[in-house]
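Spelled out from the first residue to the last, the chains are:
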Amino acid sequence: MSKRALITGVTGQDGAYLAKFLIEKGYEVFGTYRRLSSPNFWRLQSLNIADRINLIPADLLDGTSIVEAMEISKPDEIYNLAAQSFVGASFEQPIGTGEITGLGTMRVLEAIRQVNPKVRMYQASTSELYGNVNQSPQNEDVPFHPVSPYAAAKLYGYWTVKIYREGYNIFACNGILFNHESPLRGLEFVTRKISNAVAKIALGIDNIIEIGNLDAKRDWGYAPEYVESMWLILQQDKPDDFVIATNESHSVKEFMEKAFSVVNLDWQKYVKINKKYNRPLDINLLLGDASKAKNKLGWEPKVKFDQLVEIMVKEDLLRWERFKKGEHFPWDASNYMSETKILTRSLKT
Ligand code: NAP
Ligand code: GDD
């Protein structure tokens, strides 16, 4: 009989890639989605898997809906990917972020404890937990020092996973994933914001990109590879926590330079710094050490920085070209509001 997996947050970047990965492994895949006033399945549609997923309405704010999702799907494995995942927004909605990203994880663990404690659980923990540390690279032993409401909420989730593992013998694991990107990344994140803007500028649809902290450095990997590590973590004999990263760090400025070079343009002619995109606190540098994952899971990243930027810019270029020809296809950018129109408390100059 095929294994059954329940993915919370199947409509997000990682949820879509993970669902595809698990379907290809022969799993029966169930995914939770939130009821919204407009449909939000473009990622699943663009990967051609929308009709191969069993969708269940559930919200991490509503514990009974998670219990219900478990009872309907009867999973062997749960991947808890749902979250308010944008660090910038966590400064705008700190309480909501705590409810969803922090307490939401506890609701999933409680549902497992009550419905079936034998279910294996993957928790989407994050390199954001490290905050501004003095120790680089960061491995599983480096202490956390969160500097955003998002990271504080994720820290709560991280510890509840360990508590339920040790206290109730639940097979619950943290994947401490460093940033991972793709053409399915949300438009508010810096990499996709840049790849989308570069494509529009190259095609003459736009002529400027406004950006915040160019000096921030991140360890950026390729999302389709990272979802495999989630699955590997749940296939081990014992539950454990793993860092997943490329062990390379690059600045936002380097990402910008490389993205413009893909379309043979000089980035400095099109980039305007706007302090409204700065955060009250930001992380200067993240650099991961995924040796434990390499040794124990046999996982290693293949796509590195230059290739990642090229993949993203070329895909956004292709989409805008198709759009200009009048084609209709699953995509988010054509009706995305310009960020310059969005007023926020913490992002004001
Ligand atoms: P994403 O694209 O923002 O997807 C987040 C998912 O969570 C979406 O499906 C979203 O649904 C869902 N969601 C949000 N609020 C919810 C709620 N109240 N109840 C149920 N579902 C809710 O994020 P991602 O990049 O795929 O990341 C997946 C997970 O990994 C997140 O937990 C993120 O914090 C974590 N993480 C990401 C990275 C990274 O670099 N991508 C690195 C480390 C950890 P809607 O589509 O309805 O909004
Ligand atoms: N979003 C955004 N927009 N970020 C900008 C901008 C801008 O205009 N200008 C500069 N940046 C900087 C941010 O200040 C941050 O230092 C860096 O670019 C990366 O920002 P994001 O792409 O928003 O990602 P993040 O690192 O804050 O968070 C992502 O990675 C985490 C893992 O470390 C998210 O995916 C989190 O959910 C994830 O946990």
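Everything below is about the structure shown above.
Please read all numbers here as calculations on a predicted model, not as lab measurements.

**Student:** I tried to follow the packing of helix 7 (residues 190-202) against helix 11 (residues 305-324) on my own but got confused; where do I start?
**Tutor:** Two quantities define a packed helix pair, namely the angle between the axes and the distance from one axis to the other. Across the interface, helix 7 lies against helix 11 with an axial gap of 8 Å and an inter-helix angle of 50 degrees. With respect to helix 11, the axis of helix 7 lies oblique. For the pair helix 7 and helix 11, the crossing hand works out as right-handed. Residues T191, R192, S195, N196, V198, A199, K200 and A202 of helix 7 touch helix 11, and the partners they reach there are M312, V313, D316, L317, R319 and W320. Split by residue class, the contact of helix 7 with helix 11 holds seven nonpolar, three polar and four charged.

**Student:** Help me understand the pairing of strand 5 (residues 120-126), please; the structure alone is not making it clear to me.
**Tutor:** Both faces of the sheet carry side chains from a regular strand, because those side chains alternate between them. By the criterion of burial, strand 5 is predominantly enclosed, with six of the seven residues buried. Pairing analysis gives four bridges linking strand 4 (residues 77-80) to strand 5, with the strands arranged parallel. Its bridge partner being in strand 5, Y79 is matched across the sheet by Y122. As paired elements, strand 5 and strand 6 (residues 172-177) share six bridges and run parallel to each other.

**Student:** Help me understand the sheet that holds strand 5, please; the structure alone is not making it clear to me.
**Tutor:** Note: strands within a sheet are paired through backbone hydrogen bonds, in either parallel or antiparallel orientation. Taken together, the seven strands give an open sheet; going across it, the order is 3-2-1-4-5-6-11, and neighbouring strands pair in parallel fashion. Strands with a single pairing partner mark the edges of an open sheet, and in this sheet they are strand 3 (54-57) and strand 11 (242-244). Going across the sheet, the axis of each strand differs from the next one's by a mean of 25 degrees, ignoring polarity. Bridge analysis of strand 1 (residues 4-8) against strand 2 (residues 28-33) gives five bridges, and the strand direction is parallel. From the neighbouring strand, A5 faces strand 2, where its bridge partner is V29. Docked against the sheet, helix 1 (residues 13-24) engages strand 1, strand 2 and strand 4, running at close to 175 degrees with respect to strand 1. Packing of helix 6 (residues 149-168) onto the sheet brings it into contact with strand 5 and strand 6, and relative to strand 6 it is tilted by some 150 degrees.

Definitions and cut-offs
Residues numbered from 1 in each chain as written. Chains lettered and ligands numbered in written order. Predicted model: local features only at pLDDT ≥ 70, side-chain atom pairs only at ≥ 80, totals over all residues. Heavy atoms only, no water. Axes fitted to C-alpha atoms, helices over the stretch in contact; angles between N-to-C directions. Helix = DSSP H or I, 4+ residues; strand = E, 2+ residues; numbered from the N terminus. Parallel < 35°, antiparallel > 145°, perpendicular 65-115°, else oblique. Left-handed = near helix turned anticlockwise from the far one by under 90°. Contact = heavy atoms within 4.5 Å. Nonpolar A, V, L, I, M, F, W, Y, C, P; charged D, E, K, R; others polar. Buried < 20%, exposed > 50% of the residue type's maximum accessible area, 1.4 Å probe, protein only. Pairing = 2+ DSSP bridges.

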